[in-house]
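Coordinate analysis (summary)
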Amino acid sequence: MIVLDKVSKRYGDFQVLTDCSTQVARSEVVVVCGPSGSGKSTLIKTVNGLEPFQGGTITVDGIDVGDPKTDLTRLRARIGMVFQNFELFPHMSVVQNIRVAQIKVLKRPEAEAHQKALALLDRVGLGEQAEKFPSQLSGGQQQRVAIARALAMDPIAMLFDEPTSALDPEMINEVLDVMQELAAEGMTMMVVTHEMGFARRVADRVIFMDEGRIVEDAETDQFFGTPRSDRAQLFLSKILHH
Amino acid sequence: MNYNWDWSILVSEPYMGWLLQGFGWTIAVSSAAWLIAFTLGSTLGIMRTTESRLLRWIGTGYVELFRNVPLLVQFFLWFFVFPEILPDDASRWVKREMPLPAFTTAVVALGLYTASRVCEQVRSGIEAIGPGQRAAGKAMGFSEPQIYRYVLLPVGYRIIIPPLTSEFLTVFKNSSLALTIGVIELTAATRQIEEYTFQGFEAFTAATVIYSVITFAVMGAMRVVERRTRVPGTVALGAK
Ligand SMILES: Nc1ncnc2c1ncn2[C@@H]1O[C@H](COP(=O)(O)OP(=O)(O)OP(=O)(O)O)[C@@H](O)[C@H]1O
Ligand SMILES: [Mg+2]
């Protein structure tokens, strides 16, 4: 489904990504972890063309992301993305947030988009909040709306960039639960997160990044059992013992 | 001081008529100029925040040019110099046939100048939103125009309602410069009354009151706009 082949990216002289290669198969859940500044966000944003890259190739569902002829707008409409800071549209009610791209991008009839929005809100446990505005919701609720908003586009894959890092601890699980359900339903997912419990429970594979390189790319059990690289071991020991 | 106050001149003809006509021209120059300033300024402000280097460059160039030349100089350039540098036909049309030459020139000069200020407000409003919203819009599959239409502008304009209000009020004050090229707007009418009646204090008091009324009316209207567009659950989007 998603194939990265030797992806490299520079900001001026600064090499952010170096020869990153990996794949995410249909219905697979891949967790990306690594220290701050290692290039996780940048990597995940290259997948839907939010970040341009200079070297290598990325294909999503057979479409070449780096090809200048590719209609990125159309591709992005088919890939859901969830951000650390939710990025709901503050001037729209919750239901409008979920409706707007369905209507303006997918050209769905309004009534259909509305029904779909309400159904998705139910699904993420926010059926009662449809008419509220983002600022009237808790962080956990906002993030669940953001997930519903992405799902409304019937995405072929979902990208998550630290979806729980901006949340108070007591709200993290409500979001992870929604993501776990999504994974169980067979959604293809690429998730940047430091929630190693989630990775253990849900991920099929774990990618560990350091200084712009994919240092480790292993089955979940293997990754948590015996990571091959010292760096990954150090990272895990730090993150698991506090 | 030996001044004979006579407030009755303000309600006697032809002076009352002059005042009203002056008021009318002030409103006409200001609103027409604002129409230009708001549309052109918004376009330029948007251009300065796009991903296209060329568009950004055009926007920046415009602002640097129009904001740094004193407005009075711009009035004179448009009125006296501009018609001379046009090709013959256009030059003749501007000088002989263009309807209401002084008024039209004032509207254009004031509109183009104010556009550079509106541009900067719109740009700052959009920039205040932060890159995450643009990324979210993109990730939803919005095209760049759609990102502006549905994501950035509705929030950006809400943020800049207060500074835009004050730009709008400045247009009324700056419209008095139109008298230098012969538009008998409110300030010019007031001076005319003074010259004819020597009752300058009354006339300028009247003008001051009228300008103040305009200010209060605009501020009142903008407060209504602000209330109507306020997003439920927020004090002001600008505070985010
Ligand atoms: N626009 C930019 N210009 C220059 N350098 C950048 C830019 N964006 C990111 N970087 C750099 O690229 C590197 C990777 O950033 P990235 O955000 O991908 O890291 P990350 O792994 O997601 O980190 P974090 O865990 O803090 O989110 C960092 O060193 C960062 O400083
Ligand atoms: Mg990051």
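Remember, predicted model here, so these are calculated numbers, not experimental data. (Residues numbered from 1 in each chain as written. Chains lettered and ligands numbered in written order. Predicted model: local features only at pLDDT ≥ 70, side-chain atom pairs only at ≥ 80, totals over all residues. Heavy atoms only, no water.)

Secondary structure summary: chain A contains nine helices and 10 strands in total. Classification of the 242 residues of chain A by burial places 57% in the buried group. A sequence separation of at least 24 residues applies to 65% of the contacts in chain A between residues at least 6 apart. Accessible surface, chain A as shown: approximately 10,400 Å² in total, 45% of it carbon and sulfur. Here chain A holds 26 positive side-chain charges and 33 negative ones, and the gap between their average locations is 4 Å. (Helix = DSSP H or I, 4+ residues; strand = E, 2+ residues; numbered from the N terminus. Buried < 20%, exposed > 50% of the residue type's maximum accessible area, 1.4 Å probe, protein only. Contact = heavy atoms within 4.5 Å. Areas by Shrake-Rupley, 256 points an atom, 1.4 Å probe, with all protein chains shown as cover. Lys, Arg positive; Asp, Glu negative; His and termini not counted. Charge placed at Lys NZ, Arg CZ, Asp CG, Glu CD.)

Before going further, it helps to examine the interface of chain A and chain B. In this complex, chain A contributes 24 residues to the contact, which on the side of chain B involves 22 residues. Note on chain A versus chain B: buried area summed over both sides is about 2,000 Å², and carbon and sulfur give 68% of it. Considering only the side of chain A, the residues that lose the most area to chain B are F89, P90 and H91 of chain A, jointly responsible for 28% of the buried surface there. Counting across the chain A and chain B interface gives zero salt bridges. (Buried area = accessible area lost by both parts, 1.4 Å probe. Salt bridge = Lys/Arg side-chain N within 4 Å of Asp/Glu carboxyl O.)

Looking now at the pairing of strand β2 (residues 14-24) of chain A. All names here are of chain A. Bridging between strand β1 (residues 2-11) and β2 involves seven bridges; their strand directions are antiparallel. Following the sheet pairing, I2 is matched in β2 by V24. Linkage of β1 to β2, two consecutive antiparallel strands, is achieved through a turn of two residues, within which G12 is found at a positive phi near 60°. (Pairing = 2+ DSSP bridges.)

This brings us to the site of ligand 1. Residue and element names in this part refer to chain A. Residues in close proximity to ligand 1 include Y11, F14, V16, P35, S36, G37, S38, G39, K40, S41, T42 and E162, which together make up its full environment. The contact in question runs from a nitrogen atom of ligand 1 to an N or O atom on the side chain of Y11, over 3.3 Å. Burial of ligand 1 by the protein amounts to 60% of the accessible area it has alone, namely 630 Å². Take the shell around ligand 1: its biggest share by element is three residues, from helix α1 (residues 40-47). (Near = heavy atom within 4 Å. Polar contact = N/O pair within 3.5 Å; in protein donor to acceptor, adjacent residues only side chain to side chain.)

For the coordinates displayed, the defined rule picks out 20 salt bridges over all chains. Between R205 of chain A and D217 of chain A there is a salt bridge whose closest N-O contact spans 2.9 Å. With R205 of chain A in strand β9 (residues 205-210) and D217 of chain A in strand β10 (residues 213-219), this residue pair connects regions lying 12 residues apart in the sequence. Its relative accessible area of 12% is what places R205 of chain A among the buried residues. Given the relative accessible area of 27%, D217 of chain A is considered partly exposed. Measuring nitrogen to oxygen at the nearest pair gives 3.6 Å for the salt bridge that ties D89 of chain B to R92 of chain B. Here D89 of chain B pairs with R92 of chain B, and both are found in helix α4 (residues 88-97), just three residues apart, close to one helical turn. Its relative accessible area of 42% is what places R92 of chain B among the partly exposed residues. Salt bridges sharing common partners tie together R48, R67, E120, R123 and E127 of chain B.

A few words now on the packing of helix α4 (residues 110-123) of chain A against helix α5 (residues 139-151) of chain A. Residues and elements named next belong to chain A. In the contact formed by α4 and α5, the axes pass within 9 Å of each other and the chain directions differ by 135°. Compared by their axis directions, α4 and α5 come out oblique. The way α4 lies across α5 gives a crossing that is right-handed. Residues K116, L120, L121 and R123 of α4 touch α5, and the partners they reach there are V145, A148 and L151. (Axes fitted to C-alpha atoms, helices over the stretch in contact; angles between N-to-C directions. Parallel < 35°, antiparallel > 145°, perpendicular 65-115°, else oblique. Left-handed = near helix turned anticlockwise from the far one by under 90°.)

For the rest of this paragraph, the subject is a positive patch on the surface. Residue and element names in this part refer to chain B. Judged by side-chain charge, R223, R227, R228 and R230 come together as a positively charged surface patch. Relative to the helices and strands, R230 resides in the segment after α10 (200-229). On the basis of relative accessible area, R230 is assigned to the partly exposed category, the value being 42%. (Patch = residues over 30% accessible without salt bridge, like charges linked within 9 Å, V, L, I, M, F, W, Y side chains within 5 Å.)

In this section: the sheet that holds β2 of chain A. Residue and element names in this part refer to chain A. The sheet built from four strands is open, its strands ordered β2-β1-β4-β5 with antiparallel pairing. Whereas interior strands pair on both sides, the edge strands pair on one side only; in this sheet they are β2 and β5 (63-64). Looking at chain direction, β1 and strand β4 (residues 55-60) are connected through five bridges and run antiparallel. The partner of D5 across the bridge, within β4, is T57. Packed on one face of the sheet, α1 meets β1, β2 and β4 and runs near 60° to β2.

Nothing here speaks to function; it is geometry throughout.
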